[in-house]
Amino acid sequence: MGVATYIKNEKGEIEEVTLQSGIEVKAIYGPEDLADFDYQRDLGDPGEYPFTRGIHPGMYRARPWTMRQYSGFGTPLETNERFKFLIAHGQTGLNVAFDLPTQLGLDSDDSLAEGEVGRVGMAVDTLRDFEIAFADIPLERIGSGLTINAVASIMLAMYQATAEGYGFSLERISATPQNDILKEMVGRGNWIFPVEPSIRLIGDTIEYSAKVMPRTNPVSVCGYHIRESGCTPAQEIAYAFEIAMTYIDHVLQRGLHIDEFASRISFNLDIFGNIFEQVAKFRAARRLWARLLKEKYEAKNPRSMWLRGLFGGGGGGLTKQQPLNNIVRSAYYALISALSGTQTMALCSYDEAYTIPTPQAAVISLRTMEILLEEMGLRDTVDPLGGSYYVEALTNQMEEKITEEMRRVEEIGGMAHAVETGYIQREVARQAYLYEKALQEEKVHKVGVNIYREEEEEEEEVTLHEYNPTAAEAQIESLKEVRRTRDNRKVVQTLKDLEGTARRKENVMPFLLESVKAYATVGEMTRVFKEVYGEFKEPSIF
Amino acid sequence: MKDRRIRVLVAKPGLDGHDRGAKVVAQALRDAGMEVIYTGLHQTIDQIISAAIQENVDVIGLSILSGAHIPLCEKLMSRLKDENLSDILVVVGGVIPKKDVRKLKDMGIKGIFPGGTPFAESIRFMREKVH
C-alpha cells in the first residue's frame, strides 16, 4: 500500500514485500528472472520501437527535460508576474492554473463563484484576461500547459486569439490544454457537461488543432489525478490508456487517420511511493502504448507510438506534518522522473499540503530539478536502469498488471460506460479507503505522520500564500468594464452562431474563436453549451 | 429508545472537486454502523440544507479543501439557524488551517477533523454528541 506492504519476522527482518500494484518483490533478482529476455522485442534502443528505454535516441544528452511548474492565482496581472518570475528562475515551460469558477465555466461575478475568484488559480472571464496573463511572454519559445478541462475548448480559442493578437505564428506556438474530461469525472471533479458531448468537444479540439496549431498537444491524458484519488500505479496507467483510447476511437470515427493526430496526445502521470515500482510503471507504459498504437490502431508513423509525458508531482506523497520533509520527498520524485525518461518534469511544492505555493517554495522546486539536471549525472546516459535484473523483471510484471486492469474495464464495456456507471469511481474510492486504513493501522509507514512524529505543531512556522480577496474585486470590476465596452450585439450574434454549431454537432472551435474575439465571457459561452449539452450527473457510488 | 443509527450527510459544498477524503470518511462511518448519505460534488448550501432535511440527518459533515471554508461555513450556519435546524451537529474536514479553528468553533461548528484525523476520533465524537 502506498510504498508497499511489509511482513516482518520477530527480529524485524523483512520476509515479504508486496507493492501496491500487487506484485511481490523478491530478495534478489538474477539472470534467471530474465531467461526469456529479448532485447529487440522487449526494449529496443531508445528511440526505437517499442521505446521502452525512451522515445528519443539521445534523451537528456540531446535536451534536458522541460521544467514546468503549475502556477497562477489572483488576477491575470499577478499571474503574469509569477510567470515572469519563474521563467527568470529557470522554468522552461508554463503550466497555467485557473481558479475554480473559470474551470467550471462561471464568470467571476456569478453567485456561485463567491469566495473562489483567484483562489486556486488565475481568474479568466474574457480574452482580455489572457492578453494580460501572456503579455511579454515569448509564446513561440515557451509552450503553455493550460490546466483546463471542461472549458478547454474555450481556453484554447483564447490562447489562439492571444497569440495571433501578439503577432505569433500559429505554426510555432504550443499549447497543451489538459482537456481530459473522463479523469475529471473520476479523480478531479471539475466537469460540467455529460460524457458524450464532452468527448465530442475534445474531438473538436483534436481535429481543429491538428490543422490550425500543429504544435498543440490538444489532450494531456491524466493518470495523475486518478492515482492521487487513490488507485494503484497499475490502475493509473490502465485507466489513462482506456481514457486515451476512448478519445482516439471518437476521433477515428470522424474519418481522421491515426497518424494525423495520435502523435499530439500527451500524458500527465503521477509519482510517489516505491522508486522501482514507479520506474517500471513508466517503462512498461511506454512499451504498452507503443504496442497499442502499432498493433491495435495500425499506426505507421513512429511518432504516433511515443508516450510523451509529464511525470511528476506527486501531491499524494507529501504531508502536512513536518512540511520541510516534502522537499526531500520531491527530490526523490524528481529522480524517479528522470530515471523514467520523462519529457517534462514538475513537482508539487513543499507547502502544497496547505495551499498553493509561495514564490520561495516554487523556486525550491525549480532548484530541486536544476540540481538534479546539473549535478547528478542524469543527463549522461539513457535509461540507466535498463538491464537491471530487478527493473526489467518488474517492468514485465507491471505490464501484466496494467493489462489486467485494462481488461477489467473493457469487460464491463469500456471507459465511458465505466465512468457513467461509477465503476471506476467506486474502485478508486475503495483503494483510497484501504490505504487510509493501512496508514491508520500503521501497516504503511509515513514519516512524520505515523512514525517519527513531532509533538509541537509546526503549522505556524510555514509561511503560506495568502488569498487576496481584493483580487476578486479587481477582477469583477475588470469584467464589468469589458461588458460595458465591447460590442454587445456582436457578442449576441457570435453566441447564437456558436449555439447553432453545437446543436448541429459541427466543430465548435472556429465559432468559439469568434465569440472569444468579441469578448464573450466564459460564463456566456458555457451557458450556450449547457443549454445544448445539459450537465453531467454524478453516478451514486454508495 | 436511542438505538436508531446515526444519520450523517457527507457534503461537498462549493466548487472544490477533491472528494477522496469525503468518500474515505463516508466508507469509514458506514463501516462503523452509521447511515451515510453522500451529496456528491458542487453542492450549494441550499442543496445541502434540503438534503439534510429530506434525509433527516443527525450530522452534517462538510468536506472543504479549496480554502473557502470560512465563507461556506458562515453561510451554512446562518441558513441552519433560519431553518430552525441548529440542533444538527455540524463538523468540518479537509484542509483547515489551525488559525481558523477558533473562528469555525465560534460559528457553532462543533468538530473540526482535517485530513489525517483518525477515524476513531471523529466516530467517537459523533457518537458522544448525537442524541
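Thresholds applied
Residues numbered from 1 in each chain as written. Chains lettered and ligands numbered in written order. Predicted model: local features only at pLDDT ≥ 70, side-chain atom pairs only at ≥ 80, totals over all residues. Pairing = 2+ DSSP bridges. Helix = DSSP H or I, 4+ residues; strand = E, 2+ residues; numbered from the N terminus. Axes fitted to C-alpha atoms, helices over the stretch in contact; angles between N-to-C directions. Contact = placed C-beta atoms within 7 Å. Core = buried A, V, L, I, M, F, W, Y, C linked by C-beta atoms within 7 Å. Buried ≥ 20, exposed ≤ 12 C-beta atoms within 10 Å, placed from the backbone. Nonpolar A, V, L, I, M, F, W, Y, C, P; charged D, E, K, R; others polar. Parallel < 35°, antiparallel > 145°, perpendicular 65-115°, else oblique. Left-handed = near helix turned anticlockwise from the far one by under 90°.

Visitor: How should I be thinking about the sheet that holds strand β4 (residues 89–94) of chain B in this particular structure?
Guide: Strands belonging to one sheet form pairs held by backbone hydrogen bonds; the direction of such a pair is parallel or antiparallel. Residue and element names in this part refer to chain B. If you walk across this open sheet you meet the five strands as β2-β1-β3-β4-β5, and the pairing is parallel. In the strand order of this sheet, the two ends are held by β2 (35–38) and β5 (111–114), each with one partner. The sheet shows a mean angle of 20° between the axes of neighbouring strands, direction not considered. Taken together, the four bridges between strand β1 (residues 7–11) and β2 define a ladder with parallel strand orientation. Following the sheet pairing, V8 is matched in β2 by V36. Along the sheet, helix α1 (residues 20–31) contacts β1, β2, β3 (59–64) and β4; its crossing angle with β2, the most-contacted strand, is approximately 160°. The sheet contacts of helix α2 (residues 45–54) involve β1, β2 and β3, and relative to β1 the element is tilted by about 165°.

Visitor: Would you explain unusual backbone geometry in this entry?
Guide: Most peptide bonds are trans, and most residues other than glycine sit at a negative phi. Residue A:Y49 is joined to A:P50 through a cis peptide bond whose omega torsion reads 0°. Locating A:P50 in the fold gives a position in the loop between α1 (39–43) and β3 (66–67).

Visitor: What is the right way to look at the nonpolar core in this model?
Guide: It is characteristic of soluble globular proteins that their nonpolar side chains tend to be buried jointly. Residues and elements named next belong to chain A. Counting 187 residues, the largest nonpolar core has A240 and L512 as the members making the most contacts within it. Counting residues per element, this core draws most heavily on helix α9 (residues 233–253), which supplies 12 residues. Dropping the residues within four chain positions of it, A240 is found in contact with V221, C222, G223, F267 and L269.

Visitor: For this particular structure, what's the right way to read the interface of chain A and chain B?
Guide: The interface of chain A with chain B comprises 28 residues on the first partner and 26 residues on the second. The set of elements that each furnish at least two residues to the side of chain A that touches chain B consists of α3 (100–103) and α15 (423–440) of chain A. Considering every element that reaches the side of chain A that touches chain B, the biggest residue donor is α15(A), with five residues. Here the side of chain A that touches chain B is built from residues that sort into 12 nonpolar, seven polar and nine charged.

Visitor: What is the right way to read the sheet that holds strand β7 (residues 175–177) of chain A from this model?
Guide: All names here are of chain A. Here we have four strands laid out as an open sheet, ordered β4-β5-β6-β7, and parallel in their pairing. The sheet is open, and its two borders are formed by β4 (70–71) and β7, each paired with just one other strand. Two strands pair when backbone bridges link them, and β4 and strand β5 (residues 94–97) are joined in this way by two bridges, in the parallel orientation. Across the sheet, Y70 pairs through a bridge with N95, a residue of β5.

Visitor: Any chance you could explain the packing of helix α10 (residues 275–296) of chain A against helix α11 (residues 325–339) of chain A here in plain terms?
Guide: For any two helices packed against each other, one specifies the inter-axial angle together with the distance between the axes. All names here are of chain A. Interhelical geometry of α10 versus α11 gives an angle of 30° and a closest axis separation of 9 Å. With respect to α11, the element α10 is oriented roughly parallel. The chirality of how α10 crosses α11 is right-handed. Seen from α10, the contacting residues are I275, Q278 and V279; seen from α11, they are Y332, I336 and L339. In terms of residue class, the contact of α10 with α11 is made up of five nonpolar, one polar and no charged.

Visitor: How should I be thinking about the environment of A:G312 in this particular structure?
Guide: Residues and elements named next belong to chain A. For G312, the location among the structural elements is in strand β10 (residues 309–312). With 29 C-beta atoms counted inside 10 Å, the residue G312 sits in the buried group. With 172 residues separating them in the primary sequence, G312 and E140 have C-alpha atoms 24 Å apart. In this structure G312 touches I271, Y333, S337, M345, A346 and L347, once residues within four positions along its chain are discounted.

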